[in-house]
Amino acid sequence: MLTLRSPAKINLFLKVVNRRPDGYHNLASLFQAIDLSDQIQFSINKHYCADHLTCTDPTIPTDHSNLILNAADLFRRKTGFAFGLEAHLEKNIPHQAGFGGGSSNAATTLWALNQLHGSPFCPSELMQWSAEIGSDIPFFFSHGTAYCTGRGEVVQCLSPLKQTNLWLIKPKNGLPTAAVFNQLNIKNLSNHDPKQILDSHIKKTPLYFNDLEQPAFDLLPELATLKQKLLSFGFDTVLMSGSGSGFFCLGDVCPSTHEDALLYKTTFLNRSDEEWY
Ligand code: C5P
């Protein structure tokens, strides 16, 4: 049995570059892993080839629509190995929040399956395979800080950023990723140069923005109200992560709890070369 942490992520900035002929969008985004994490127990059975997933949260599907079992299918397809996966997911990362919980679970599963088979494949191979089942999954094979382009799957690893006071807020209503991208008005994108913004983060004078905030606010207007309320607490920055509906807040503030929203105090998380998070 192997137990691994499966961390969440935030997008410190997210620029949508354009809409692609395949329906996806090219992005340029600074991803950072954070220590709000799920925990997953894995074991494999080489004689019995059916998978079995259980989860502490009854609202999470445990059939093959779950990215954990999707990742097991991918691993079997890529390696030709025969095994059944037994996994138990302790769910702490809120879903439909833009915190990458499902993607992280998939990456963690590929890492675990490789380890349980004696680590025959290198992380860069797992990273490459993982793009087939989700755009945000490859990021988790970086060391926790990366500049991601393409659909999100082109990952440039970066050195860890300076720690900062960080809060996450998850409003009651979530947002499906595809709905937010569909709502995006491609004529209303920011004209920030992502390379310059990346440089501002590396030089510790960061600029935070997310081109998916406006379409998310169009779908759920209460998110714009919540953002203003969080700013009124005195935070320096309040920004939606990914396609929402979760926010991260930066600043030396201790926010009061907000009705209908979950609040988490967290930190940036990076991993060392050979170990998972
Ligand atoms: O790749 P993933 O399955 O996470 O994407 C979910 C949905 O989000 C896609 O079907 C697509 O509608 C949208 N998406 C997008 N551009 C991206 C990533 C996701 O349009 N770069």
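Just above, that's the structure.
Summarised in this report is the structure supplied together with it. If you're wondering where the values come from, they're calculated on a predicted model, not measured in any experiment.

### Points about the overall build of the protein chain
When you go through the protein chain residue by residue, the secondary structure sums to 7 helices and 11 strands. Against the compact-globule benchmark of 19 Å for 277 residues, the protein chain has a radius of gyration of 18 Å, which places it among compact chains. Here the C-alpha coordinates of the protein chain stretch approximately 60 × 35 × 35 Å along the principal axes. Counting every position in the protein chain, which comprises 277 residues, the buried fraction comes to 53%. Within the protein chain, residue pairs in contact and separated by at least 24 positions form 73% of the contacts whose partners lie at least 6 positions apart. Summed over its atoms, the accessible surface of the protein chain is roughly 12,500 Å², and 49% of this surface lies on carbon and sulfur atoms.

### Observations concerning the site of the ligand
In the vicinity of the ligand, the contacting residues are Gly23, Tyr24, His25, Leu27, Gly134, Ser135, Arg151, Thr177, Ala178 and Phe181. In this structure, His25 approaches the ligand through a side-chain N or O atom, which is 2.7 Å from an oxygen atom. Arg151 has a polar backbone atom sitting 2.9 Å from a nitrogen atom of the ligand. Secondary structure elements with two or more residues in the shell around the ligand: β2 (25-45) and α4 (177-183). If you tally residues by element for the shell around the ligand, the top one is α4, at 3 residues. Looking at side-chain class alone, the shell around the ligand contains 4 nonpolar, 5 polar and 1 charged residues.

So, how was this worked out
- Residues numbered from 1 in each chain as written.
- Predicted model: local features only at pLDDT ≥ 70, side-chain atom pairs only at ≥ 80, totals over all residues.
- Heavy atoms only, no water.
- Helix = DSSP H or I, 4+ residues; strand = E, 2+ residues; numbered from the N terminus.
- Rg over C-alpha atoms; globule rule 2.2 N^0.38 Å.
- Buried < 20%, exposed > 50% of the residue type's maximum accessible area, 1.4 Å probe, protein only.
- Contact = heavy atoms within 4.5 Å.
- Areas by Shrake-Rupley, 256 points an atom, 1.4 Å probe, with all protein chains shown as cover.
- Near = heavy atom within 4 Å.
- Polar contact = N/O pair within 3.5 Å; in protein donor to acceptor, adjacent residues only side chain to side chain.
- Nonpolar A, V, L, I, M, F, W, Y, C, P; charged D, E, K, R; others polar.

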